[in-house]
Amino acid sequence: MESLNVEEAYQKGLGNEKFGQIADAMRAYNAALAKDPLFSLAHLRLGLLALDRFQVEEAVEHFEKVLERDSSNGEAHYFLGVSYAELGKHLDARRNYYEILPSSDKYDLRDYGLGLLALNEGNLSEAWQKLSAAAALTPENVSVREAYAYLLRKAGRVAEAENERKAILQLDETNAFAQAERLIQAGAITSEHAGAADLLDRACAHHPQGYLELATEYFRLSAWQEAAQVLDHGLGVTAQKGQAADPLLLYYRAYATTKLDDQQSARQFAEKASKEDLNLVIFPFRAEDVKVLRSAMRLDPRDANAPALLGDLLYSRNRQEEAIQLWTVAVQADAHNFSALRNLGMATLGEGKQEAGLELLIRASEARPSHLDSAMLVANVSASLGHTEQARKAFERLLQIQPDSDLVLQKLASLEAQMGNDARALEIMDSHKFQATHLSYSLLHLYRGVRLTLAVQAARNSQFSAALADVAAAAKPPSSLGVDDFATLKSSRLLMYDALLQQAAGNSAATQADWRAAAKTLDDDIEGEGLFRAIGLYKSGQEQKAEDWFKEFAVVNEQRKTDNAVNIRLHAYDLAGIYAALRGDAALARESFTKALEIDQSYLYARQSMAWLDAGMLKGLK
């Protein structure tokens, strides 16, 4: 990054953003600012990223920095208006909206922003002036037309309001706001008359998400009474379907009630939300959620659900430390809160605190024993940490619930192999017919790993025929594994191990045939079996071509050892061990395999590679 100039660092940041690599994008933008502290484009992007993380004060700092160099930047003025409005600093918000020049792309939104400020202040005459102008200027902006339709209804201009609703439906025929306004106009949104709200319910898909989205539209207009009516209707639909109320609907209802100065009722809604089980139908993702959930925490500091949900939201916005603190608060308030326990466990694992993370996941699984994904997670983490008996019991419990589960049987077979029970692992795989799915490739690797382990066990006893038979079997897995699509693929990995066995058995012609065959395979990717193909090149006399590949491999594989993805790190260390053995460095090979197993003790390829190293069979690579 240090070698890039300001513009190059900025462009790199844009590229990172495009692929969702937000932390990398922020590093790139800050690298640009290190070279030019007032580079406005980087400040603008950092401001927008801060808004996306709901860190409004930080966003303001960046937008103000933009204006230090470019005082007429319309985007900076617009987003400052939005940010200051969010912070309740209306004078600063207005000042920035009025600074937007007609030449700016954001000019069309100026009056809309000013109109929302007036609505929040209860100044309907100013709101009318600004929003009517905004609707005339941007007739295809649905949000603007909704605000204007709302004002027309509030002003008692019934016919004009209906025409505006019709115009909205022409722009968006599924628009729930227009249907809600029609019902509110008729005084029918709270009606118990069958079919009165059919169009509204259809627009909201009869789902809590739909009613919550509609309520946020009224939040935007500071229309708290209408928001409350919509939320009551959504809660009623949920009750009619015999379903539990979604906590977010209740929390939003509590927030709207606080805005209507009814604190006692607000506490009642919040208390009801706190007692609901967090079987999430709606994942929190809106800026409004932050205010709503923080308000709920103030209404009831003993509530576990509100901090658990807010933690979910902040974690999704790369605010991990705050999320962990919130989940910790939730667990302290309710030691059996499944959602907080599970997410805190996952985050703790991500911090490298494996045993502490597993303990939290076990508690989460105990809190909700019917949640199979959590039970599977506990079993997998237990296996990864080497708690094999605990993992076996967990997998066996899962099999009692899902006796024919391909995934559970595959995981149990992998665990048996991890425990050294390779024959039992084969028995599990041979006695079940697996479906051909996206899991098939990992099942193929499991089968190969078990067979290669059996092969080296036979080779230790100089039973080379049996060892070669195991490698041959690895290359032709039974159809019951559902891996037929891979049957025609030539594996350079298997050819390498076959060559090592042939060499140990004294079959030089077969050894050279294997090396030549490995060199002719097609997979030359570092992420795949490219290393084994390159070893084939090297051992079959094409040393320069192999060395060219090794040169690139050495750099890239070193980077892959620090990748965020565990599976990439595991693969990198296993390959590093094989490469070290090729170079004759047995100590480094052992260190690499050991590192892989420290990361995940269930990683069978590293365990199998270590067995071949211990047996002295990798010496044939030199």
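Up top is the structure these notes are about.
No experiment lies behind these values; they were computed from the predicted model shown.

Peer 1: It is not clear to me how unusual backbone geometry should be interpreted in this structure. Could you clarify?
Peer 2: Note: most residues except glycine have negative phi, and most peptide bonds are trans. Even without a glycine there, the phi angle at F54 is positive, about 65°. Along the chain, the position of F54 falls in the loop between helix 3 (40-52) and helix 4 (56-69).

Peer 1: It is not clear to me how helix 18 (residues 305-316) should be interpreted in this structure. Could you clarify?
Peer 2: Residues spaced three or four apart along an α-helix point in a common direction, a consequence of the helix completing one turn every 3.6 residues. The end-to-end C-alpha distance of helix 18 is 17 Å, a good match for the 16 Å that 12 residues give at a rise of 1.5 Å each. Most of helix 18 sits out of view: 10 of its 12 residues are buried. Positive phi shows up at N318, right after helix 18, with a value of about 65°.

Peer 1: Sorry if this is basic, but what is going on with the packing of aromatic side chains here?
Peer 2: To describe a pair of aromatic rings, one takes the distance between the centres and the angle between the planes. Following the criterion strictly, the structure yields 18 aromatic pairs and no others. A ring pair is formed by W224 and Y255, whose centres lie 5.9 Å apart and whose planes are at 75°; its orientation type is edge-to-face. Here W224, found in helix 14 (residues 224-240), pairs with Y255, found in helix 15 (residues 247-259); they are 31 residues apart in sequence, far enough to count as distant. Across this residue pair, the class does not change: W224 and Y255 are buried. The ring of Y605 carries the charged tip of R493 above its face, separated from the ring centre by 3.7 Å.

Peer 1: Before we go on, may I ask you to explain the packing of helix 23 (residues 388-401) against helix 24 (residues 406-418) in this structure?
Peer 2: To describe two helices that pack against each other, one gives the angle between their axes and the distance between the axes. At a minimum axis separation of 10 Å, helix 23 and helix 24 run at an interaxial angle of 160°. One element, helix 23, and the other, helix 24, form an angle in the roughly antiparallel class. The hand of the helix 23/helix 24 crossing is left-handed. Contact with helix 23, carried on its side by T388, A391, R392, F395, L398 and L399, involves V408, L409, K411, L412, L415, E416 and Q418 of helix 24 and no other residues of that element. Along the lines of polarity and charge, the residues of the contact of helix 23 with helix 24 split into eight nonpolar, two polar and three charged.

Peer 1: Is there a simple way to think about a negative patch on the surface in this case?
Peer 2: A cluster of like negative charges, contributed by D523, D524, D525 and E527, occupies part of the molecular surface. Residue position: D525 is located in the loop between helix 29 (508-519) and helix 30 (530-539). A relative accessible area of 45% means that D525 is categorised as partly exposed.

Peer 1: Is there a simple way to explain the pattern of salt bridges in this structure?
Peer 2: Side chains carrying opposite charge are able to pair once their charged atoms draw close together. Counted by the stated rule, this structure contains 38 salt bridges. With a shortest N-O distance of 2.8 Å, R53 and E58 are connected by a salt bridge. Owing to a relative accessible area of 28%, E58 belongs among the partly exposed residues under this scheme. One salt bridge in this structure joins D300 and R302, with 3.5 Å as the shortest N-O distance. For R302, a relative accessible area of 69% corresponds to the exposed category.

Peer 1: Just checking my understanding: could you explain the side chain of N16 for this structure?
Peer 2: Tracing the sequence through the fold places N16 in helix 1 (residues 6-18). What N16 contacts, discounting residues up to four positions off in sequence, is Q21, D24, A25 and A28.

Peer 1: Please clarify how the environment of S414 should be interpreted in this entry.
Peer 2: Positionally, S414 belongs in helix 24. We classify S414 as buried; its relative accessible area is 18%. Taking the C-alpha atoms as reference points, S414 and L426, separated by 12 residues in sequence, lie 9.5 Å from one another. Among residues more than four places away in sequence, those in contact with S414 are L446 and S602.

Peer 1: Help me understand the nonpolar core, please; the structure alone is not making it clear to me.
Peer 2: Grouped burial of nonpolar side chains is what soluble globular proteins tend to show. Membership of the largest hydrophobic core comes to 99 residues, with the highest contact counts inside it found for L200, L214 and Y218. Ranked by residue count, the leading element in this core is helix 15, at eight residues. Setting aside anything within four residues of it in sequence, one finds L200 in contact with A176, Q179, A180, L183, I189, L214 and H233.

What counts, and at which threshold
- Residues numbered from 1 in each chain as written.
- Predicted model: local features only at pLDDT ≥ 70, side-chain atom pairs only at ≥ 80, totals over all residues.
- Heavy atoms only, no water.
- Helix = DSSP H or I, 4+ residues; strand = E, 2+ residues; numbered from the N terminus.
- Expected span 1.5 Å × (residues − 1).
- Buried < 20%, exposed > 50% of the residue type's maximum accessible area, 1.4 Å probe, protein only.
- Phe/Tyr/Trp six-rings, centres within 6.5 Å; stacked < 30°, edge-to-face > 60°.
- Lys NZ or Arg CZ within 6 Å of the ring centre and 35° of its normal.
- Axes fitted to C-alpha atoms, helices over the stretch in contact; angles between N-to-C directions.
- Parallel < 35°, antiparallel > 145°, perpendicular 65-115°, else oblique.
- Left-handed = near helix turned anticlockwise from the far one by under 90°.
- Contact = heavy atoms within 4.5 Å.
- Nonpolar A, V, L, I, M, F, W, Y, C, P; charged D, E, K, R; others polar.
- Patch = residues over 30% accessible without salt bridge, like charges linked within 9 Å, V, L, I, M, F, W, Y side chains within 5 Å.
- Areas by Shrake-Rupley, 256 points an atom, 1.4 Å probe, with all protein chains shown as cover.
- Salt bridge = Lys/Arg side-chain N within 4 Å of Asp/Glu carboxyl O.
- Lys, Arg positive; Asp, Glu negative; His and termini not counted.
- Charge placed at Lys NZ, Arg CZ, Asp CG, Glu CD.
- Core = buried A, V, L, I, M, F, W, Y, C linked by side-chain atoms within 4.5 Å.

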